[in-house]
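Coordinates in review
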Amino acid sequence: TDDSSASEDEGTVFDVPSVQADPLTSSYTYHSPLPSALANNSGEPCILGVDEAGRGPVLGPMVYSICYCPLSKYEQVSKLGFVDSKTLKESHRESHFRLIQSHQENIAWSVRVLSPQDISWNMLKMNKYNLNAQAHDTTIELIRQVLIKGVNVTEVRACTQSTHPSGTLKIIDIIFRPPESYKAKLSKIFPGIKITVEKKADSKYPIVSAASICAKVTRDQVLKHWTFVEKELKSSKIFGSGYPPEEAPQGSITRLFEQEEKKQEKPQSRLFMDMGLKCVSDF
């Protein structure tokens with residue numbers, strides 16, 4: 001991928017304002033400042049892109065993101081060279097994120113970070129709030145909050161399908177499947193806004209690519225600074241992106257399970273195992 005338009009600044013500390021202090025146990029939302037280009041013209045039409053990160057991984061949160069800019073500046077923003085975050089190495093994603101942050105006069109973004117605890121709690125309670133419904137509501141609420149801020153969003157573009165960089169894992173974002181039904185749902189909730197829902201929109205539309213970068217970089221940094229609530233767990237913190245096919249999360253999970261097995265294995269259990277017997281609790 002050509003990253004010439006996203007030059008890295010090696011001399012600065014990489015700061016992601018959407019990352020909160022660990023441990024992550026509760027979901028939260030972050031909004032960047034409104035584009036300064038809207039300061040003197042708050043009614044200027046804007047285009048907004050939607051994407052997410054963390055739908056397929058076994059570790060970490062799900063992050064939903066929106067990114068928007070004035071329509072009059074969209075061609076200028078498009079020339080910055082944003083591409084689907086999954087096609088970029090981590091260092092290049094960070095360079096693109098810096099680029100977004102350095103153009104706050106035209107670009108703004110928001111993320112909603114869903115903690116694993118909240119996702120699980122919602123899915124397991126008696127009145128099940130499944131992942132698809134959570135994803136729908138999260139995306140809709142992010143758009144709604146921007147509208148409440150007075151941003152005149154006239155176009156929304158959302159992604160419906162993406163592929164893991166390895167090419168072996170296709171991630172179908174069920175929240176946007178099928179595209180027609182989700183487009184109809186958004187159009188009903190946000191009448192008057194032009195809605196586009198397409199497969200691989202994160203590689204077609206720069207504003208969706210920018211949203212994917214904000215989501216992925218936020219998630220990368222959350223995992224990089226991850227702290228387990230269970231303080232007795234010791235881990236290398238080398239999780240990668242948390243996707244199962246990657247070696248890093250596989251190794252971390254295996255080591256954690258081995259730790260737990262060693263701690264919970266009772267002396268009498270080992271004796272029984274040596275004798276070829278089993279404990280009643282093993283059945």
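None of these values were measured; they are calculated from a predicted model.

So, the environment of C159
Inspection of the secondary structure puts C159 in strand β5 (residues 152-159). Between the C-alpha atoms of C159 and S212, which are 53 residues apart in sequence, the distance is 9.4 Å.

Description of the packing of aromatic side chains
Each aromatic ring pair is characterised by the separation of its centres together with the angle its planes make. Taken as a whole and assessed by the stated rule, the structure comprises 2 aromatic pairs. Residues Y30 and W109 carry aromatic rings whose centres are separated by 5.1 Å and whose planes lie at 45 degrees to one another, so their mutual orientation is tilted. Separated by 79 residues along the polypeptide, Y30 in strand β1 (residues 28-31) and W109 in strand β4 (residues 108-114) bring together distant segments of the chain. Residues Y30 and W109 agree in their burial class; the two are buried. Look at F97 and W109: their rings are 5.4 Å apart centre to centre, the planes differ by 75 degrees, and that puts the pair in the edge-to-face class.

Points about the UniProt feature "binding site: a divalent metal cation" (unreviewed entry) in the protein chain
The UniProt entry lists D51, E52 and D173 under the feature "binding site: a divalent metal cation" (unreviewed entry), expressed in the numbering used here. For D51, the location among the structural elements is in strand β2 (residues 45-53). Given the relative accessible area of 1%, D51 is considered buried. Relative to the assigned elements, E52 resides in strand β2. There is a polar contact of 3.4 Å between the side chain of E52 and the backbone nitrogen of R55.

So, the pairing of β2
On a regular strand, each side chain points to the face opposite its neighbour's, so the side chains alternate between the two faces of the sheet. In terms of burial, β2 is a largely internal element, 8 of the 9 residues being buried. Here 6 bridges tie β2 to β5, and the two strands are oriented parallel to one another. Looking at the pairing, I47 lines up with E155 of β5.

Examining the nonpolar core
C67, F82, F97, I100, I107, W109 and I207 are the most contacted members of the largest nonpolar core, which totals 35 residues. Listed by contribution, the elements that provide at least two residues to this core are β1, β2, β3 (62-70), α1 (74-78), α2 (90-101), β4 and α7 (206-224). If you tally residues by element for this core, the top one is α7, at 10 residues. Apart from residues lying up to four places away in sequence, I107 is in contact with P35, C67, Y68, C69, V77, L80, F82 and I100. Judged by nonpolar contacts, the second largest core, of 27 residues, contains I66, A108, L131 and F190.

Things to note about the packing of α2 against α7
At their nearest, the axes of α2 and α7 sit 9 Å apart, and the two run at 120 degrees to each other. Here α7 runs oblique to α2, going by the angle between their axes. The hand of the α2/α7 crossing is left-handed. For the pair α2 and α7, the contacting residues are E90, R93, E94, H96, F97 and I100 in the first and A210, I213, C214, K216, V217, D220, Q221 and K224 in the second. Looking at the contact of α2 with α7 residue by residue, the classes come out as 6 nonpolar, 2 polar and 6 charged.

Quick notes on the pattern of salt bridges
This model, assessed by the stated rule, comprises 10 salt bridges. Connected via shared salt-bridge partners are D84, K86 and D202.

A few points about the sheet that holds β4
Taken in spatial order, the 6 strands make up an open sheet running β1-β4-β3-β2-β5-β8, and their pairing is mixed. Edge strands, defined here as strands with exactly one partner in the open sheet, are β1 and β8 (194-198). Each strand of the sheet is rotated relative to its neighbour by a mean of 15 degrees, with strand direction disregarded. As judged from the 8 bridges shared by β2 and β3, these two strands associate in the antiparallel manner. Counterpart to G49 in the pairing with β3 is C67.

Considerations on the pairing of β5
Counting buried residues in β5 gives 6 out of 8 residues, a clear majority hidden from the surface. Pairing of β5 with β8, which is carried by 5 bridges, proceeds in the parallel orientation. Within the sheet, the bridge partner assigned to R157 lies in β8 and is T196.

Overview of unusual backbone geometry
Even without a glycine there, the phi angle at K200 is positive, about 55 degrees. Structurally, K200 can be placed in the loop between β8 and α6 (201-204).

Parameters and conventions
- Residues numbered from 1 in each chain as written.
- Predicted model: local features only at pLDDT ≥ 70, side-chain atom pairs only at ≥ 80, totals over all residues.
- Heavy atoms only, no water.
- Helix = DSSP H or I, 4+ residues; strand = E, 2+ residues; numbered from the N terminus.
- Phe/Tyr/Trp six-rings, centres within 6.5 Å; stacked < 30°, edge-to-face > 60°.
- Buried < 20%, exposed > 50% of the residue type's maximum accessible area, 1.4 Å probe, protein only.
- UniProt positions renumbered as here; feature names shortened; annotations may be inferred.
- Polar contact = N/O pair within 3.5 Å; in protein donor to acceptor, adjacent residues only side chain to side chain.
- Pairing = 2+ DSSP bridges.
- Core = buried A, V, L, I, M, F, W, Y, C linked by side-chain atoms within 4.5 Å.
- Contact = heavy atoms within 4.5 Å.
- Axes fitted to C-alpha atoms, helices over the stretch in contact; angles between N-to-C directions.
- Parallel < 35°, antiparallel > 145°, perpendicular 65-115°, else oblique.
- Left-handed = near helix turned anticlockwise from the far one by under 90°.
- Nonpolar A, V, L, I, M, F, W, Y, C, P; charged D, E, K, R; others polar.
- Salt bridge = Lys/Arg side-chain N within 4 Å of Asp/Glu carboxyl O.

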